[in-house]
Amino acid sequence: MRLILLGPPGAGKGTQASAIVKKYNIPHISTGDIFRSNIKEGTELGMKAKGYMDKGLLVPDEVVVSIVKDRLTHDDCANGFLLDGFPRTVNQAEALDAELSSMGLKLDRVINIEADSSILIERAIGRRICKECGATYHIKFNPPKVEGICDNDGSSLYQRDDDIEETVATRINVYLEQTQPLIDYYKEKKLILNIDGTESIDDIFNNIIEGLENN
Ligand code: ADP
Ligand code: AMP
Ligand code: ZN
């Protein structure tokens, strides 16, 4: 299964991605996670990306595209993949199409998680992430059993540098201007599966699976 997860920041892409990849045994490819781990390791790529990320802006297309192209050649993509947070511009989508067609591959579905700006800010500001395993929590909507501690491994949780109100607002605007046009792009290719992102985490997951398997 070759899938894309589309949706504004805070829509729940990462949360759903963890469950979807477990079900289909495919890798979760999050360009945001790739940048964050490069920042943590202090690589040149991380330092380049951080300036854009801290402002809530997109990292330039050519940087992101070359990372994803390389990632798609790894053995674990043989059964498919789930792209989360890529593509984010029409230019990136066209580059992905070209790359997949050169590999003789096609996308199966683009899962579009829909949620209004009003709930996105609260979701992003309350997001907490495990330092070790990357599990995502929310202080109010999906809290860990013990405050600040990951249920999976007891590690401490952190808040993303870009999950502050002003930066989240910029990220939402960037999404509306640069990423939202991808909905029409993939609608024309008849790949879009629209999912209501305002429901509970479990209901959204069930709707995604039903949509993938029955439509
Ligand atoms: P994205 O990857 O789209 O930016 P996340 O999956 O990280 O979004 O979710 C953003 C925040 O919202 C997280 O703190 C997550 O725990 C919480 N969240 C995700 N899905 C839901 C939901 N259906 N209802 C309430 N909160 C949610
Ligand atoms: P995310 O983890 O998906 O919320 O992404 C966090 C940040 O990483 C974004 O605000 C961008 O600065 C950067 N980023 C992630 N994916 C992309 C992409 N496909 N194109 C450009 N920038 C990206
Ligand atoms: Zn953890």
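No experiment lies behind these values; they were computed from the predicted model shown. (Residues numbered from 1 in each chain as written. Chains lettered and ligands numbered in written order. Predicted model: local features only at pLDDT ≥ 70, side-chain atom pairs only at ≥ 80, totals over all residues. Heavy atoms only, no water.)

The immediate surroundings of ligand 1 are formed by 19 residues, with Lys 13, Thr 15, Arg 127, Tyr 137 and Glu 199 found nearest. Here an oxygen atom of ligand 1 sits 2.8 Å away from a polar atom, N or O, in the main chain of Lys 13. Contributing elements (two or more residues each) for the shell around ligand 1: α1 (13-24), β6 (136-138) and α9 (201-214). Within the shell around ligand 1, the residues separate by chemical class into seven nonpolar, eight polar and four charged. (Near = heavy atom within 4 Å. Polar contact = N/O pair within 3.5 Å; in protein donor to acceptor, adjacent residues only side chain to side chain. Helix = DSSP H or I, 4+ residues; strand = E, 2+ residues; numbered from the N terminus. Nonpolar A, V, L, I, M, F, W, Y, C, P; charged D, E, K, R; others polar.)

Glancing now at the layout of surface pockets. Size it by volume and the second largest pocket reaches roughly 170 Å³. In terms of lining residues, the second largest pocket is bounded by 13 residues, among which Pro 8, Glu 114, Ala 115, Tyr 175 and Gln 180 are the most central. (1 Å grid on protein atoms, 1.4 Å probe; cavity = no way out; pocket = protein on both sides within 12 Å on 5 of 7 lines; lining within 4 Å. Points joined across faces, edges and corners; volume = space filled by probe spheres on them.)

In this section: empty space enclosed by the protein. Inspection of the entire model under this criterion finds one cavity of 30 Å³ or more. Volume-wise, the largest cavity comes out at about 40 Å³. Along its surface, the largest cavity is lined by Val 65, Val 68, Lys 69, Leu 72, Phe 86, Gln 92, Ala 95, Leu 96 and Glu 99. Of all elements in the fold, only α4 (61-72) and α5 (90-102) reach the threshold of two or more residues within the lining of the largest cavity. A per-class count over the lining of the largest cavity returns six nonpolar, one polar and two charged.

Remark: helix α2 (residues 31-41) packs on helix α3 (residues 44-55), axes separated minimally by 8 Å, with the N-to-C direction vectors making an angle of 115°. The interaxial crossing formed by α2 with α3 has left-handed handedness. Residues Gly 32, Phe 35, Arg 36, Asn 38 and Ile 39 of α2 pack against Leu 45, Gly 46, Ala 49, Lys 50 and Met 53 of α3. In the contact of α2 with α3, the residues fall into five nonpolar, three polar and two charged. (Axes fitted to C-alpha atoms, helices over the stretch in contact; angles between N-to-C directions. Left-handed = near helix turned anticlockwise from the far one by under 90°. Contact = heavy atoms within 4.5 Å.)

Once that is clear, we can look at the packing of α1 against α9. Packed helices, taken two at a time, are described by their axes: the angle between them and the distance between them. Two numbers describe how α1 lies on α9: the axes approach to 10 Å, and their chain directions differ by 45°. The pairing of α1 with α9 is recorded here as oblique in orientation. For the pair α1 and α9, the crossing hand works out as right-handed. Across from Thr 15, Gln 16, Ala 19, Ile 20, Lys 23 and Tyr 24 in α1, the residues of α9 making contact are Ile 201, Ile 204, Phe 205, Ile 208, Ile 209, Leu 212 and Glu 213. Counted by class, the contact of α1 with α9 contains nine nonpolar, two polar and two charged residues. (Parallel < 35°, antiparallel > 145°, perpendicular 65-115°, else oblique.)

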